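Structural features, examined
The residues making up each chain are set out below.
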Amino acid sequence: MSETIEPHTFIILGGTGDLARRKLLPAVYRLTRQDMLDRWCILGVARGEDMDDESYRAWVREALVDAGFDQEELAAWCDRCLYYQPSGSGVEGWKSIAARIDALEQEHELPQNRAFYLALPPKVFSTAVTGMGAAGLNKSRGWTRVVFEKPFGQDLASAQDLNRAVHEVFDETQIYRIDHYLGKETVQNLLVFRFANPIFEALWNRERVEHIQITVSEDLGVGTRAGYYDQSGALRDMVQNHLTQLMTLIAMEIPVRYDADFVRNEKVKVLRSIRPLDLDNVVFGQYTAGRIGGEEVRGYQDAPGVADNSINPTYVALKLEVANWRWAGVPFYLRTGKRLPRRQTEIAVTFRQPPVPLFANMRFGNVEPDVLLLTLQPDEGFSLLIDVKRPGQPPSIDKLPLTFQYDQAYEPLQDAYVTLLHDLLEGDQTLFVHAHEVEAAWELYTPLLAQRFPLHKYAAGSEGPLASDKMLARSGHVWRPI
Ligand code: BG6
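Residues numbered from 1 in each chain as written. Predicted model: local features only at pLDDT ≥ 70, side-chain atom pairs only at ≥ 80, totals over all residues. Heavy atoms only, no water.

1. A word on the overall build of the protein
Formally: A run of DSSP states H or I qualifies as a helix once it reaches four residues; a run of E qualifies as a strand once it reaches two. Both are numbered from the N-terminal end. Throughout, radius of gyration means the C-alpha value; the globule benchmark is 2.2 Å times the number of residues raised to the power 0.38. The cut-offs for exposure are 20% and 50% of the maximum accessible area for each residue type, with area from a 1.4 Å probe on protein chains only; residues under the lower value are buried, those over the upper are exposed, and the others partly exposed. The contact criterion used throughout is that any non-hydrogen atoms of two residues lie within 4.5 Å.
For the protein, the count of helices and strands is 14 helices and 17 strands. In terms of overall size, the protein behaves like a compact globule, its C-alpha atoms giving a radius of gyration of 24 Å where 482 residues would be expected to give roughly 23 Å. With respect to the three principal axes, the spread of C-alpha positions in the protein is 80 × 50 × 45 Å. The buried share of the protein, reckoned over its 482 residues, is 53%. Long-range pairs, those at least 24 residues apart, make up 77% of the contacts in the protein with a sequence separation of at least 6.

2. Looking at the packing of aromatic side chains
How two aromatic rings sit relative to each other is given by the distance of their centres and the angle of their planes. We count it as follows: For Phe, Tyr and Trp, rings pair up if their centres lie within 6.5 Å, where Trp contributes its six-membered ring, and each pair is then called stacked (planes under 30 degrees apart), edge-to-face (over 60) or tilted (otherwise).
All told, the structure shown has 21 aromatic pairs when counted by the stated rule. Measuring from centroid to centroid gives 5.7 Å for Tyr56 and Trp59, while their planes differ by 15°, and the two rings are stacked. Here Trp59 and Tyr56 lie together in helix H2 (residues 53–66), a separation of three residues that amounts to about one turn. In this structure an aromatic cluster arises from ring pairing among Phe193, Phe200, Phe382, Phe404, Tyr406 and Tyr410.

3. Looking at the packing of helix H5 (residues 125–134) against helix H6 (residues 156–169)
Formally: Geometry is summarised by axes, namely lines fitted to C-alpha atoms with helices restricted to the contacting stretch, and by angles between N-to-C directions that run from 0 to 180 degrees. If an angle is under 35 degrees, it is roughly parallel; if it is over 145, roughly antiparallel; if it lies from 65 to 115, roughly perpendicular; otherwise it is oblique. Put simply, a crossing is left-handed when the front helix is turned counterclockwise from the back one by less than a right angle, and right-handed when it is turned clockwise. Any residue that is not Ala, Val, Leu, Ile, Met, Phe, Trp, Tyr, Cys, Pro, Asp, Glu, Lys or Arg is counted as polar, Gly included; the first ten are nonpolar and the last four charged.
At a closest axis distance of 9 Å, the pairing of H5 and H6 adopts a crossing angle of 15°. Between H5 and H6, the angle is such that the two are roughly parallel. The handedness of the crossing between H5 and H6 is left-handed. Between H5 and H6, the residues in contact are Phe125, Ser126, Val129, Thr130 and Gly133 and Leu162, Ala165, Val166 and Val169, respectively. Grouping the constituent residues of the contact of H5 with H6 by class yields six nonpolar, three polar and no charged.

4. Some words on helix H13 (residues 435–449)
The periodicity of an α-helix, 3.6 residues per turn, causes residues three or four places apart in sequence to face the same way. The following threshold applies: To estimate the expected span of a helix, subtract one from its residue number and multiply by 1.5 Å. Bend at a given residue is defined as the angle between two axes, one fitted to the seven residues that end at that position and one fitted to the seven that begin there.
Between the first and last C-alpha of H13 there are 20 Å, a value that for 15 residues agrees with the 21 Å anticipated at 1.5 Å per step. Taken as a whole, H13 carries its principal kink of about 35° at Glu443; the proline Pro447 stands between one and four residues after it. Where H13 is concerned, the buried positions are Ala435, Glu437, Val438, Ala440, Ala441, Trp442, Leu444, Tyr445 and Leu448.

5. Focus: the pairing of strand E5 (residues 144–148)
Our working definition: Handedness rule for crossovers: strands pointing away from the viewer, path from the first strand over the helix to the second running clockwise, crossover right-handed.
Of all five residues in E5, five are buried; the element is thus mostly enclosed. Of the two faces of E5, both are covered, the one formed by Thr144, Val146 and Phe148 as well as the one formed by Arg145 and Val147. After leaving strand E4 (residues 114–118), the chain enters H5 and then returns to the sheet as E5, a path that is right-handed. A crossover links E5 with its parallel partner strand E6 (residues 175–177), the connecting element being H6, and its sense is right-handed.

6. Structural notes on the site of the ligand
Here is the rule we go by: Nearness here has a simple test: a residue counts as near a molecule or strand if at least one of its heavy atoms is within 4 Å of that partner. A 3.5 Å cut-off defines polar contacts: any pair of N or O atoms within that distance qualifies, except that in protein one atom must be a possible hydrogen donor and the other a possible acceptor, and neighbouring residues in sequence count only when both atoms are side-chain atoms.
Neighbouring the ligand are the residues Lys150, His180, Tyr181, Lys184, Glu218, Arg225, Asp237, Met238, His242, Lys338, Arg343 and Gln377. Between the ligand and the protein, one listed contact pairs an oxygen atom with a side-chain N or O atom of Glu218 at 2.5 Å. In this structure, an oxygen atom belonging to the ligand sits 2.8 Å away from a side-chain N or O atom of Lys338. Here the shell around the ligand is composed, by residue class, of two nonpolar, three polar and seven charged.

7. Side note on the packing of H2 against helix H3 (residues 71–78)
Contact geometry for H2 and H3: axes closest at 10 Å, N-to-C directions at 145°. Crossing handedness for the pair H2 and H3: right-handed. From H2, Arg57, Val60, Arg61, Leu64 and Val65 reach across to H3, where they touch Gln71, Leu74, Trp77 and Cys78. Here the contact of H2 with H3 is composed, by residue class, of six nonpolar, one polar and two charged.

8. Description of the sheet that holds strand E1 (residues 8–13)
This is how the line gets drawn: When DSSP finds two or more bridges between a pair of strands, those strands are recorded as paired.
Across the sheet, which stays open at both edges, the six strands sit in the order E3-E2-E1-E4-E5-E6 with parallel pairing between neighbours. Of all strands in the sheet, those with a lone pairing partner are strand E3 (81–84) and E6, marking the two edges. If you compare each strand with its neighbour and ignore which way they point, the axes differ by 20° on average. One ladder, built from three bridges, connects E5 with E6; its direction is parallel. If you follow Val147 over to E6, its bridge partner there is Tyr176. Here H2 sits on the sheet and contacts strand E2 (40–45) and E3; the angle it forms with E3, its principal contact strand, is near 125°.

9. With respect to the sheet that holds strand E14 (residues 371–377)
Spatial ordering of the open sheet is given by E16-E15-E14-E13-E7-E12-E11-E8-E17, a layout of nine strands whose pairing is mixed. In this open sheet, the two edge strands, each paired with only one partner strand, are strand E16 (396–405) and strand E17 (455–459). Taking the axes of each pair of neighbouring strands and ignoring which way they run, one obtains an average angle of 20° across the sheet. On the sheet, helix H7 (residues 185–195) packs against strand E13 (344–351), E14 and strand E15 (381–390) and is oriented at approximately 145° with respect to E14. In this fold helix H14 (residues 466–473) packs onto strand E7 (209–217), strand E8 (282–288), strand E11 (315–321), strand E12 (331–337) and E17, with an angle of close to 10° to the strand it touches most, E11.

10. Remarks on helix H9 (residues 226–251)
If you look at H9, its biggest bend is around 105°, right at Gly233. Counted residue by residue, H9 has 23 buried out of 26 residues, so it is predominantly covered.

11. Section: the state of the cysteines
Formally: Pairs of cysteine sulfur atoms within 2.5 Å are identified as disulfides in what follows.
Summed over the entire model, instances satisfying the criterion amount to zero disulfides. Here Cys41 stays unpaired: no disulfide links it, and the sulfur of Cys81, its closest cysteine neighbor, is 8.3 Å away. Look at Cys41 and you get buried, because its relative accessible area is 1%. No disulfide involves Cys78; its sulfur sits 5.3 Å from the nearest other cysteine sulfur, which is in Cys81. The class of Cys78 is buried, set by a relative accessible area of 0%.

12. Focus: the side chain of Arg335
Put simply, the test is: Positive charges come from Lys and Arg alone, negative charges from Asp and Glu alone, with His and the N- and C-terminal ends not counted. Only one rule defines a salt bridge in this text: a Lys or Arg side-chain nitrogen within 4 Å of an Asp or Glu carboxyl oxygen.
Within the secondary structure, Arg335 is located in strand E12. The side chain of Arg335 is buried and forms no salt bridge, while Glu463, the nearest opposite charge, is found at 4.7 Å. Here Arg335 is in contact with Gln213, Ile214, Thr215, Val216, Leu243, Tyr315, Val316, Ala317, Glu463, Trp479, Arg480 and Ile482, once residues within four sequence places are set aside.

13. Quick notes on the pairing of E2
Burial of E2 is extensive: six of the six residues sit out of reach of the surface. Across the two faces of E2 the burial is the same, with Trp40, Ile42 and Gly44 and Cys41, Leu43 and Val45 all buried. With six bridges joining them, E1 and E2 adopt parallel strand pairing. The residue bridging Leu13 from the neighbouring strand is Val45, located in E2. Assessed by its sense of winding, the connection that carries the chain from E1 through helix H1 (residues 18–34) to E2 is right-handed. Here four bridges tie E2 to E3, and the two strands are oriented parallel to one another. If you follow Leu43 over to E3, its bridge partner there is Leu82.

Right under this line is the structure:
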């Protein structure tokens, strides 16, 4: 039985939606079993679905079977899932939800510990939260926590408005903004790697590091998500959140303690140290038809639901500078794109060359810089690429890896949502995004949203637009191959 997760009710607002079906229910199922939770309920709340507890349970069961779980083992678990369709609209509707939760807690003898997961379209976040406040759902005799999926705002002004609306009802200690990258084991390991292995700390600065590349490449295209994606694009969808989070974890100072306030404060400081983006150091791209893994794929503009002649970017590359004492002058290159050759999330830290090239005058040939490669997915692990003398004559040097791979040491890694829901139910906000972080990130990128940039086309399956290579070449760098 979990010693850290108290009995609670997990309320999914949008309880019959795609997020609930694909991500939340499988994650809660895993979590309740793995942590052996014994006193909990799920309340799925939705409008417009004519369901009762029984038909909701059948729907949940189907979702879990689709996710690969065993039908037999599910039956008893599903009995803890309840359904509610609010009666009335506006505040009346929220009050009816509050009454349903009260009744459920009494019936199941649960304390008033409540996690509300807003699995709703972002445009209704603000009104939902206001309604919750008006119905008194922001407080209880136990704990009340509220979870927001990304995107949290569309730009700085909308993120600030949303934060204001949410803070009228909940205080920051109750608010859990999800960035699912923070739940990935390999992303959490960035902190362990840096702060539990002090040998790297001596290398982690402008004296030793030459530049850093952060790549999140995807082979998938927009799929069936054009309705959302064509309004968002790669900058909002990936850079403002996932890539920027990775960057802050790499660049942050050592927190005084490993806890939510200290860790998140250090991340905010990084964001606030980044120089305003130089518009010459940003490249936007969009994929055209091409081939991936031997298959023909269509271009972005031909994907279902994408506007004709859409100028929405599916690729972004940029160069940032963290202008603080540790990093000033070290380029941080970020890139992400859809329909690149493969799915890969990688951070490459390239170290400086020796000040005097000892071997250059001999016959060793070119000595390449050392690189630390942190591979976050799919081949999770890391490699330190260092120089080794090849045995024999003539003398030559090879770049060889010192390697660690998760799959050789551990069981398969668990889904990020399981980790994040666990932390939510424990009340640990370290892996959730603070209001200051979300606003600082939007502050950085919002000026780009107002500009018209050239949109560089790249063929699906290629490594992105040429303009992106040229941007690095101006500083004497090249992207690592994808
Ligand atoms: C989501 C984006 O946040 O992250 C998607 O909206 C993207 O467009 C996805 O495909 C990538 O996540 P992962 O975990 O597959 O790297």
